[in-house]
Amino acid sequence: MKALEDLLKVEDLRTYFFTEAGVVKAVDGISLDVRKGESHGLVGESGSGKSVTALSVMRIVPKPGKIVGGKISFDGTDLLTLKEDDMRRVRGSKIAMVFQDPISSLDPLYTVGKQLIEAIRANNETVSKEQARDMAISLLSNVEISEPERRFNQYPHELSGGMKQRIAIARALARTPTLLFADEPTTNLDVTIQAQVLNLMKDLKKNFNMTLVLITHDMGIIAEMTSRVTVVYAGQVSESAETHTLFYHPTHPYTEALLKAVPRLDKRKQLQSVGGNIPNLIDPPTGCRFHPRCPYAIQICKEKVPDYEEVETDHFVACHRWKELSLVGVQ
Amino acid sequence: MSQLTEEQTAPPKRVHRQRSATQWAVAWRRFKRNKSGVAGLAIVIAFVVFAIFGPLFAPYPPRSTESLLQGQAGQPPSWKHPFGTEINGIDVFSDSIWGARNDLWIGVAATAIATLIGLAVGALAGYSRGVIGGILLGIIQFFFVIPTLLLILLFSRVFQVLVYQGFGVNLIVLILGLFGWPGISFVIRGEIFRVRELEFIQAEKALGAGNLRILFRHIVPNVLTPVIVLASLLVAGNILTEVVLFFLGFGPANVATWGELIEEGVQYVSVYPWVALFPGLLVVTLVLGFNLLGDGLADALNPRLRE
């Protein structure tokens, strides 16, 4: 496989939420590199900091959240030092995002057409309304919506969840971004629609020549959709590798636990959940954050934060014992 | 590519409908089914018509003591004076008509002012966080806790001089408008807290929309429904405040309002009970009308009661 150049490089990102209960370290030193043209998976349990990472890259972290450290470079530009006005021009045109809940990610008061036109013309008034209308209709056919002319005049409440998500995708693609974050784009859809939407995203990624960062907690979707994966746990990266490597040769106990939790049709076996709960991010565990839930934890895991070490090319892990453990991947 | 998409498996909808029903059309359809709401609307419309066209048929000009010269003061209701006359010979029927015009104007115009201020302050207080949001909240709370009625009484005395320059009714409008907004602000601020966290606001940001665009195109329109309900109730409240103001003798002199008639009527209620009775009934009916309308709107606009 030929080496691709980095499109997005996140280094040691820290995004904290300053709540009344304390400082929630939602993202606490996540590093990520996404290469031009790839599909990169960002996987982890709810609350592990996947979404906040994406929001941080776009610099739309809701208050009381704040990016307190790290570096984000996108296509050679340092996003964190950009002026807010310039950052606004990056949003939508260079980096776009599809959100989790299609029901609430469209404004209920405007027709589908109005919202698409708004997206097309945002910060870009050179496009006339008529041109924007034609572009909106063709976007609707791009996301395989039947009767685009009719849907154009409909309100979100008249559409099914699957259609809404297609429209949210169309809106994100309105200005042909180079990088698309898809934050659990199919979590709120039922399974058959999920497959359609995922296929659509695959096609669109190819047709629009995009780089995709897919955020999910579903290892099945990761296997289906991505070429490389970063596994995050409690605001930190635990392992990162090519998808194939990660599934067959995991080196982090958390990855192994996630893989065991995937239901399999071909093997009748008791499904194993990852024991315990995701830690409190106000006062995270000492040492390796996974140690309270880790079946292989020893004394050093409680005391020392593991280094992020290179296992082989493109395969990194943060575990004290990766050399001695022989973990079981997908068989 | 899969041909069987969800829109094809869904039951066929009517295809010929070009433009879809807006949320307002849906709300109107729901409102029409609510009997008391429709009754309230009918009462309000009747009074508006009465206020606009009534003066064309009013037998006497406002505050006219013409009947006094004809020896008709303090007459009970008759064909000539359907609501009777008061001690100075003012025709209660005529002044009730002129009063309807003034009272509706006071109610509606003061509400318009209060709503605009309330919307602006509430929207900014809800959308800006940190120091600015805190200061705005302080301002809202200040206006919320000061005894508004006392201030209104004070101001109507202090600025009485304006009354002689023909500013009578509009003085009341301004005072009620300038002090009536904190309630609306509170509700707006709370609603904006709710809407601000919805995913489509985040989605708009992700598309590169600026703060003002998000606030005025996406947040404010989504909080308008409680404002409409509150405004309708505030009209009723303003009319009642007007009555209280005149009843306490703080109204500008020589302005025909229901409050003025009631105040005069109460002084002689044992002798000429009709003077307070008829305008009193009008006040009750109109206030009831606005309250029924407000309740009807609240139900019709409640998104959780969607059919």
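Our structure's up above, just so we're on the same page.
Note that the coordinates shown come from a computational prediction; the quantities given were computed from them, not determined experimentally.

Draft legend 1. Region of interest: the pairing of strand β2 (residues 22-35) of chain A. Residue and element names in this part refer to chain A. Bridge count for strand β1 (residues 6-19) against β2 is 10 bridges, and the pairing is antiparallel. Counted as the bridge partner of R14 is D28 from β2. Hairpin connection from β1 to β2: two residues lie between these consecutive antiparallel strands.

Draft legend 2. Fine view of the environment of I172 of chain B. All names here are of chain B. Position of I172 among the secondary structure elements: in helix α8 (residues 160-179). A count of 31 C-beta atoms within 10 Å places I172 in the buried class. Each C-alpha atom, one on I172 and one on V244, is 12 Å from the other, the two residues being 72 residues apart in sequence.

Draft legend 3. Quick look at the packing of helix α2 (residues 23-32) of chain B against helix α14 (residues 274-300) of chain B. Residue and element names in this part refer to chain B. It is the contact of α2 with α14, at a shortest axis distance of 8 Å, that shows an interaxial angle of 125°. Taken together, α2 and α14 sit at an angle that is classed as oblique. Regarding α2 and α14, the two cross each other, and that crossing is right-handed. Residues A27, R30 and F31 of α2 form the contact with α14, whose participating residues are G296, L297 and A300. Classifying every residue of the contact of α2 with α14 by side-chain character gives four nonpolar, one polar and one charged.

Draft legend 4. Representation of the sheet that holds strand β10 (residues 236-242) of chain A. Residue and element names in this part refer to chain A. If you trace the eight strands from one edge of the open sheet to the other, you get β6-β7-β8-β3-β9-β10-β12-β11, paired in mixed fashion. The sheet is open, and its two edges are formed by β6 (95-98) and β11 (309-312), each paired on a single side. If you compare each strand with its neighbour and ignore which way they point, the axes differ by 20° on average. Where β10 and strand β12 (residues 315-317) come together, two bridges link them in antiparallel fashion. Bridge pairing in β12 links E239 to V317.

Draft legend 5. Geometry of the sheet that holds strand β5 (residues 77-78) of chain A. All names here are of chain A. If you trace the four strands from one edge of the open sheet to the other, you get β2-β1-β4-β5, paired in antiparallel fashion. Both outer strands of the open sheet, β2 and β5, are each paired with one neighbouring strand and no more. Sheet topology places strand β4 (residues 65-74) next to β5; two bridges connect them, and they run antiparallel. In the strand pairing of β5, S73 is matched with D78.

Conventions we followed
Residues numbered from 1 in each chain as written. Chains lettered and ligands numbered in written order. Predicted model: local features only at pLDDT ≥ 70, side-chain atom pairs only at ≥ 80, totals over all residues. Pairing = 2+ DSSP bridges. Helix = DSSP H or I, 4+ residues; strand = E, 2+ residues; numbered from the N terminus. Buried ≥ 20, exposed ≤ 12 C-beta atoms within 10 Å, placed from the backbone. Axes fitted to C-alpha atoms, helices over the stretch in contact; angles between N-to-C directions. Parallel < 35°, antiparallel > 145°, perpendicular 65-115°, else oblique. Left-handed = near helix turned anticlockwise from the far one by under 90°. Contact = placed C-beta atoms within 7 Å. Nonpolar A, V, L, I, M, F, W, Y, C, P; charged D, E, K, R; others polar.

On their own, these measurements won't tell you what the molecule is for.
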